[in-house]
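# Commentary on secondary and tertiary structure
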Amino acid sequence: CIFARTRPKRNKTKQTDRQDRHEKDTPSAHADVQLRNRYSTGTLATEANRVHIAFFGKRNAGKSSVVNAVTGQNISIVSDVKGTTTDPVQKAMELLPLGPVVIIDTPGMDDEGTVGELRVQRARQVLNKADIAVLVIDGTVGKSAEDLALQKLIEKKGVPYIIVLNKADLGGFKTENDNEIAVS
């Protein structure tokens, strides 16, 4: 029966690295070196051990649009309605030069209400498993206090990240640092 299948066990090295990152504060640069070392030694070879690249941000920042652009496929539903992505959406693929990855689109981290809190909780669980985080910010609004809090949370977890200023053609906000890019 297909429902009786179990998920393959993760490589202990990767699982231990994620647990260490979850339990203690490690600098982002250190996490980046660990990721590169694991990849170059071949410990990320199986499906379960692909590099997990997760996209985070507020509702309607354009996370799903960016995910679709990165994958070259319409894997996530895109809508003007806040909260369209209700659960994490995953896509396994090859991303050169990195190799095998899992791209993960998450619900907005600013979701509200009882169900919204559950969505935020799921997104935080994805952050605990992420090897690389992409913080998507709405370029028509700029960085909000919520975006900055999310950036600090990603840094606290020691996850290497990049900031994507989405909808850059519609807003007057510019990138501020080397780890930020603007897209339309």
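Here the structure is a predicted model, which is why all the values come from computation and not from measurement.

## Regarding the overall build of the chain
If you tally the helices and strands in the chain, you get five helices and six strands. For the chain, the N- to C-terminal ordering of α and β elements is α-α-β-α-β-β-α-β-α-β-β. A burial count over the chain gives 44% of its 184 residues as buried.

## Details of helix α3 (residues 63-71)
Buried within α3 we find Lys 63, Ser 64, Val 66, Val 67, Asn 68 and Thr 71. On its buried face, α3 sits against β1 (51-57), β2 (89-95), β3 (99-105), β4 (132-138) and β5 (161-166).

## Thoughts on the pairing of β3
For β3, the buried fraction is high: seven of the seven residues fall into the buried class. The sheet contact formed by β1 and β3 spans five bridges and is parallel. Paired with Phe 55 across the bridge in β3 is Asp 105. As paired elements, β2 and β3 share seven bridges and run antiparallel to each other.

## Here we look at the nonpolar core
In summary, soluble globular proteins display a tendency toward joint burial of nonpolar side chains. Phe 56, Leu 150 and Ile 154 are the most contacted members of the largest nonpolar core, which has 19 residues in total. Mapped onto this core, the elements with two or more residues apiece are β1, β3, α4 (113-129), β4, α5 (145-157) and β5. Non-local contacts of Phe 56, meaning those with residues more than four positions away in its chain, are made with Lys 63, Thr 106, Met 109, Ala 123, Val 126, Leu 127, Ala 133, Val 134, Leu 135, Val 136 and Leu 150. Residues Val 51, Ile 53, Met 93 and Val 136 belong to the second largest nonpolar core, which totals 13 residues.

## A short note on the pattern of salt bridges
Per the stated rule, a full pass over the model turns up two salt bridges. Salt-bridge contacts for Lys 58 lead to Glu 146; the nearest nitrogen and oxygen are separated by 3.4 Å. Linking Lys 58 in the loop between β1 and α3 with Glu 146 in helix α5, this pair joins segments that are 88 residues apart in sequence. For Lys 167, the salt bridge identified is with Asp 138, shortest N-O distance 3.3 Å. In this pair, Lys 167 sits in the loop between β5 and β6 (180-182) while Asp 138 sits in strand β4, placing the two residues 29 residues apart along the sequence.

## A short note on the side chain of Asn 166
When you line up the elements, Asn 166 lands in strand β5. Taking relative accessible area as the criterion, Asn 166 reaches 6% and is therefore assigned buried. Apart from residues lying up to four places away in sequence, Asn 166 is in contact with Ala 61, Gly 62, Val 66, Val 136, Ile 137, Asp 138, Gly 139, Thr 140, Val 183 and Ser 184.

## Structural notes on α4
Taking 1.5 Å of rise per residue, the 17 residues of α4 would be expected to cover 24 Å, and the 25 Å separating its terminal C-alpha atoms lies within 8% of that figure. Along α4, the positions that sit buried rather than exposed are Gly 116, Val 120, Ala 123, Val 126 and Leu 127. Buried positions in α4, seen along its axis, are confined to an arc of 110 degrees and lie on one side of it. Exposed residues pointing more than 90 degrees away from the buried face of α4 are listed as Thr 114, Val 115, Glu 117 and Leu 118. The inward-facing, buried residues of α4 abut β1, β3 and α5.

## Section: unusual backbone geometry
In this structure, Pro 97 follows Leu 96 across a cis peptide bond, with omega equal to 10 degrees. When you line up the elements, Pro 97 lands in the loop between β2 and β3. At Asn 60, a position not held by glycine, the phi torsion is positive, near 60 degrees.

About the thresholds
- Residues numbered from 1 in each chain as written.
- Predicted model: local features only at pLDDT ≥ 70, side-chain atom pairs only at ≥ 80, totals over all residues.
- Heavy atoms only, no water.
- Helix = DSSP H or I, 4+ residues; strand = E, 2+ residues; numbered from the N terminus.
- Buried < 20%, exposed > 50% of the residue type's maximum accessible area, 1.4 Å probe, protein only.
- Contact = heavy atoms within 4.5 Å.
- Pairing = 2+ DSSP bridges.
- Core = buried A, V, L, I, M, F, W, Y, C linked by side-chain atoms within 4.5 Å.
- Salt bridge = Lys/Arg side-chain N within 4 Å of Asp/Glu carboxyl O.
- Expected span 1.5 Å × (residues − 1).
- Arc of directions from axis to C-beta.

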